[in-house]
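Coordinate analysis (summary)
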Amino acid sequence: MKSPRYPKTLGLRVLSTVAKTWSDDSDSDDDDDNNNNNDNDNDTDFNFGSIFSPLTARNTTNTTRRLSMEEVVRDPVSSVPPHSSAYDPNLRRRLALAEIDKVPFGWYHVRAVTVAGIGFFTDSYDIFAINLITSLLGLVFWQGEPISGSNYGGNNGVLPQAVNTALKAATSGGAVIGSMGFGWLADKVGRRKMYGIELAIIVVATFAQALSAPSSSVTMTGLIIFWRVVMGIGIGGDYPLSAVITSEFAPTRWRGGMMAAVFSMQGTGQLAAAIVALITTVCFKDSFTNTTSSFSSCDVACQTAGDRAWRIIIGFGAVPACFALYWRLTIPETPRYTFDVAHDIEKAQADIKAYMNNKSEGSVNPILQERTKQGQGKNLMAPEASWPDAFFYFSQWKNFKVLFGTMASWFFFDLAF
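Values in this document were obtained by computation on a predicted structure and should not be read as measured data.

1. Observations regarding the packing of aromatic side chains
Considering all chains together, one arrives at 13 aromatic pairs under this definition. Between F141 and W142, the aromatic rings sit 6.4 Å apart at their centres with planes inclined by 80°, giving edge-to-face as the arrangement. W142 sits in the buried class, given a relative accessible area of 14%. Relative to F394, the ring of Y393 lies with its centre 5.1 Å away and its plane at 85°, an arrangement referred to as edge-to-face. Assessed through its relative accessible area of 44%, Y393 is described here as partly exposed. An aromatic cluster of at least three residues, connected via ring pairs, comprises F120, Y239 and F263.

2. Looking at helix α6 (residues 161-189)
In an α-helix, one full turn covers 3.6 residues, which means residues spaced three or four apart are oriented alike. Under the 1.5 Å per step criterion, the end-to-end length of α6 is 42 Å for 29 residues, consistent within 8% with the ideal 42 Å. Buried residues of α6: V163, N164, L167, A170, T171, G174, A175, G178, F182, G183 and A186, and no others. Check the buried side of α6 and you find it contacts α5 (107-141), α7 (191-194), α8 (197-210), α9 (220-249) and α15 (335-340). Two residues or fewer after α6 comes G190, characterised by a positive phi angle close to 120°.

3. Considerations on the confidence of the model for the protein
A residue-level look at the protein finds 74% of positions with pLDDT of 70 or above and a mean pLDDT of 76. Of the regions scoring below 50 in pLDDT, residues 1-86 engages in 111 contacts with residues more than four places distant in sequence or in other chains.

4. Brief notes about the pattern of salt bridges
Taken as a whole and assessed by the stated rule, the structure comprises six salt bridges. Here R191 makes a salt bridge to D187, at a shortest N to O gap of 2.8 Å. Here R328 ties to E198 by a salt bridge, and the two come within 2.4 Å at their closest N and O atoms. Here R328 is found in helix α14 (residues 319-329), whereas its partner E198 is found in helix α8, with 130 residues between them in sequence. Judged by relative accessible area, which is 0%, R328 ranks as buried. The class of E198 is buried, set by a relative accessible area of 0%.

5. Digging into the packing of α8 against helix α13 (residues 300-315)
Between α8 and α13, the least distance of the axes is 8 Å, while the angle of their chain directions is 175°. Judged by the angle between their axes, α8 and α13 are roughly antiparallel. Counted together, T206, F207, Q209 and A210 of α8 and W310, R311, I314 and G315 of α13 form the full contact between these two elements.

6. Digging into the side chain of R111
Within the secondary structure, R111 is located in helix α5. Despite its burial, R111 pairs with no opposite charge; the closest candidate is D351, at 11 Å N-O. The residues contacting R111, other than those within four sequence positions of it, are W327, T330, I331, N358 and K359.

7. With respect to the packing of helix α4 (residues 89-102) against helix α16 (residues 345-356)
Two elements in contact, α4 and α16, have axes whose closest approach is 10 Å; the angle formed by their N-to-C orientations is 10°. For the element pair α4 / α16, the angle class is roughly parallel. Where α4 abuts α16, its residues P89, R92, A96, E99 and I100 lie against I345, E346, Q349, I352 and M356. Grouping the constituent residues of the contact of α4 with α16 by class yields six nonpolar, one polar and three charged.

So, how was this worked out
Residues numbered from 1 in each chain as written. Predicted model: local features only at pLDDT ≥ 70, side-chain atom pairs only at ≥ 80, totals over all residues. Heavy atoms only, no water. Phe/Tyr/Trp six-rings, centres within 6.5 Å; stacked < 30°, edge-to-face > 60°. Buried < 20%, exposed > 50% of the residue type's maximum accessible area, 1.4 Å probe, protein only. Helix = DSSP H or I, 4+ residues; strand = E, 2+ residues; numbered from the N terminus. Expected span 1.5 Å × (residues − 1). Contact = heavy atoms within 4.5 Å. pLDDT = per-residue confidence, 0-100. Salt bridge = Lys/Arg side-chain N within 4 Å of Asp/Glu carboxyl O. Axes fitted to C-alpha atoms, helices over the stretch in contact; angles between N-to-C directions. Parallel < 35°, antiparallel > 145°, perpendicular 65-115°, else oblique. Lys, Arg positive; Asp, Glu negative; His and termini not counted. Nonpolar A, V, L, I, M, F, W, Y, C, P; charged D, E, K, R; others polar.

In structure tokens form, the structure reads like this:
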């Protein structure tokens, strides 16, 4: 008899092996019945090879009977005895993670790269757009002669150097806070719960900058610096979250390429900021061409055009983030977090299937989920990170030079721009 075929995905990879062994055993039983006319229907167990233990069940008369394949497929957890290796939670974890590594490159990988890449695009756009609007801010808010003791007045149309530096450094300061804060929260409460919140912070802070206006009690400098610090917190949170989610959903052979594609959006965002600034300037060129080369010659029409221009340039950075926000809020939890931190085996396997089918969350029987979590979750032996391990790894020069080279290049890149 030909062996039945079952889908070799996740935990059902085990069941397919069980099915084949069960079918082969049934064939041998049929041959014995025909040759020896001996009824062996009440056998207490049958061989599963060197991997699986006997698969039996007890009926109400306290005798053992062989489980049918339909019973195993219908309820694989309760039908397999705890001493069987098919019940081993660490085996199920390895099979589930291996499923991610063996799948071919598909739409679900493109989705992960696109969703994370749009975040990096927005981060880069918002960080570098400030370099393109400092001249416009000087034309609008620092026009005229300085007025002592007043929030109004100016610097002859030129942004003061101290203000210029503060505006550009504010985002980096917020990014330090955001990367540490969101990185810690992602390990504690989950990647999915945090993923999207940091992008929402960026969107709100970006629009808030574009709509800011000074008053007699709050200067424009204070308003923009405050909102750029808030925006920096969101940008800092996006760095670890996008990186870890992309890497944990990526197969091993595509992981490097997917990470490179996400980080390459930094340059794309910077280029987009320059293009938007150029287009905006061309749109208001009639108001700018009536002035001389001196910033102090900017009249009312010039100041109005400059005020509109810088708000458009800054506000445009939030537009692509709005499209990615929905997909970030609906992406499934990463299986490594669900396995290693939440110890929820059934949920992790369901989320892997949902991710491959472009669904927001996997469907799982809540009773089976809780029973498996309490019975098997505590037996998961996931590797835990520790400071001694990190120190030992990076104490080796071949590992530390990679870390140092990455940090240094990123540091000087931010410092220059």
